Amino acid sequence: MDLIEQRILDIIDRHREEILSFAKDIEQHPEPGFEEMRTAEKAAEFLSSLGYEVQSGLARTGVRGDWIKKEGPNVTIIGEMDAIGCRTHPKADPENGTAHACGHHAQLAAMIGASLALADEDVRASLSGSVSFFSVPAEEYIDAGKRERLKKEGIVFTGSGKSELIRLGAFDRTNLVMTTHVHMVPVKEDFYLGNPACNGFTAEKVIVRGKAAHAAIDPWNGVNALSITTSAIQMMGLMRETFREEDHARLHNVIRKAGDVLNSVPDEAVVETKVRASSLKRIEEIRDMVDRAYDGAAYAFGGTVEREVLQGYMPILPRKADRVMVEAMQDLKNWIQKKSDQNTSGDLSWREVQEGDFNNACTDVGDLSHLFPVLNFTFSGFEGKLHGADFRIVDEEKAYILPAMLLALTTYKLLKNGASEAKKIIEDFHPVFDRESYVRYVQEHHSYSHIDGKES
Ligand SMILES: [Zn+2]
């Protein structure tokens, strides 16, 4: 460990109370996606106070704090701001019904902790590149009703915060991204280094139209929208046998409406259908199958189908733990061991992403991974289920402080010595999209306004 690395750890260690109180403040004021006004204000305040050049109101609530040098690559550290709807959580906001049951407040704490260390003059003097801290809105799934409202309010890619930020060009100065999260797959160790493959998804809202008639007097004059819907869902069930294990496909439905009164043949049903799979191609293929099921059922009964495609998240393109991150982890372990000679703090464990590791959940970090190298780790320090009422942080050191240290140390290692490590990673990375082609892809494949009525 060099002197700067030592200094980074000391700075974060000295500011631990500030980081903890920031984490708790955010936790106590959970806000839903694209509505993280207070959270954004707190992040902006903190980053401004350290002298970062702050831009607020990106995709409504996004806050980007930059320290930009003209030369060298830019490393952007992400902190997600939104909380998840979970009314039964003891720390849920009684009005908006959300709680930090996905640990995003811990991510933000880690991000601002890292920003403290990287604002230090000696640390900065040793960097051959720029650092940015980006508090981003809306990582959690946004349902169809809310998307409609957001669209009216001027959000174009209503599927997720990162997607809208990419569209707006808010990542144009970024060359390399660092993300973190509480563990999303079962991991016994304190840290899990790297970005495992993960599913992407697409969704659609389907309106099935039939024809109302009296359910007893003349049902033969009706077209039953509920029958069309259940037939389509049954077909999807039978189609599941064509899913391959390696595709990690998941297909699920929620029926939002299925007729009005029991005495009438249901003339309208509304369904939301979600397709998850491990590649963009497979997602599209399965969505075509779903569409055929709806169209086929509508044809059989003589009804019609309208659909709105709801933009999803892209799968994560997996990335093994980079050497810089593993070295940073080792430094952190040594530092803790040295410290624990003085007090009784414990040991540190980690493991690296292995070939075949897979996360069945989805995140819009997947979209970023199609444009940038995304260096990621997840951390422990919590118990209970993600998104569950029993989720809570039980180890502040592991959930807030150590992740901040790991982010800052890794960033330093990327940008020291002429930023040689960052440059190598960027050079070796082959992006699937740039901003323009990304926007085009989303518009073509996941556009919200795409409505496909079919007369049969
Ligand atoms: Zn999350």
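Residues numbered from 1 in each chain as written. Predicted model: local features only at pLDDT ≥ 70, side-chain atom pairs only at ≥ 80, totals over all residues. Heavy atoms only, no water.

*Asks:* Mind showing me how you'd approach the environment of His100 here?
*Replies:* Along the polypeptide, His100 turns up in the loop between β5 (98-99) and α4 (104-117). For the pair His100 and Asp82, spaced 18 residues apart in sequence, the C-alpha separation works out to 7.8 Å. Apart from the residues lying within four places of it in its own chain, the contact partners of His100 are Ile26, Glu27, Pro30, Met81, Asp82, Ala83, His105 and Phe391. (Helix = DSSP H or I, 4+ residues; strand = E, 2+ residues; numbered from the N terminus. Contact = heavy atoms within 4.5 Å.)

*Asks:* Help me out: how do you make sense of the coordination of the zinc ion in this one?
*Replies:* Each pair of donors in an ideal octahedron of six around a metal sits at 90 or 180 degrees, and each pair in an ideal tetrahedron of four sits at 109.5 degrees. At the metal site, the zinc ion is ligated by Cys102 (SG), His104 (NE2) and His181 (NE2), and these contacts range over 2.1 to 2.3 Å. One chain supplies every donor to the zinc ion, and in sequence these donors are spaced C-x1-H-x76-H. Note on His104: relative accessible area 0%, which makes it buried. (Donors = N, O, S within 2.8 Å, 3.2 Å for Na, K, Ca; no water. Buried < 20%, exposed > 50% of the residue type's maximum accessible area, 1.4 Å probe, protein only.)

*Asks:* In this structure, what is going on with the side chain of Ser115? I would like to understand it.
*Replies:* Residue position: Ser115 is located in helix α4. For Ser115, a relative accessible area of 0% puts it in the buried group. Other than its neighbours up to four places away in sequence, Ser115 contacts Phe46, Leu47, Leu50, Tyr52 and Phe133.

*Asks:* Please clarify how the domain arrangement of the protein should be interpreted in this entry.
*Replies:* Interfaces are frequently sized by the accessible area removed from exposure as the parts join. Parsing the protein into structural domains produces domain 1 (3-197 + 317-440) and domain 2 (200-313). If you look at the interface, domain 1 gives 22 residues, while domain 2 gives 15 residues. Across the domain 1 to domain 2 interface the summed buried area is about 1400 Å²; carbon plus sulfur atoms make up 55%. Its largest share of buried area at the contact with domain 2, domain 1 owes to Tyr141, Phe358 and Cys362, together 38% of the area lost on that side. The tally of links from domain 1 across to domain 2 stands at one salt bridge. We note a salt bridge from Glu148 to Lys205, for which the minimum N-O separation is 3.6 Å. (Domains from an automatic or database assignment. Buried area = accessible area lost by both parts, 1.4 Å probe. Salt bridge = Lys/Arg side-chain N within 4 Å of Asp/Glu carboxyl O.)

*Asks:* In this structure, what is going on with the packing of aromatic side chains? I would like to understand it.
*Replies:* Working definition: an aromatic ring pair is given by the centre-to-centre distance plus the angle between the planes. By the definition in use, this model includes 11 aromatic pairs. Ring centres 4.8 Å apart and planes at 70° place the aromatic pair Phe201 and Tyr313 in the edge-to-face group. Placement of the pair is Phe201 in strand β10 (residues 200-209) and Tyr313 in the loop between β13 (304-310) and α10 (323-340), with a sequence separation of 112 residues. Owing to a relative accessible area of 1%, Phe201 belongs among the buried residues under this scheme. In textbook terms, an aromatic cluster arises when at least three aromatic residues are bridged by ring pairs, as seen for Phe134, Phe171 and Phe372. (Phe/Tyr/Trp six-rings, centres within 6.5 Å; stacked < 30°, edge-to-face > 60°.)

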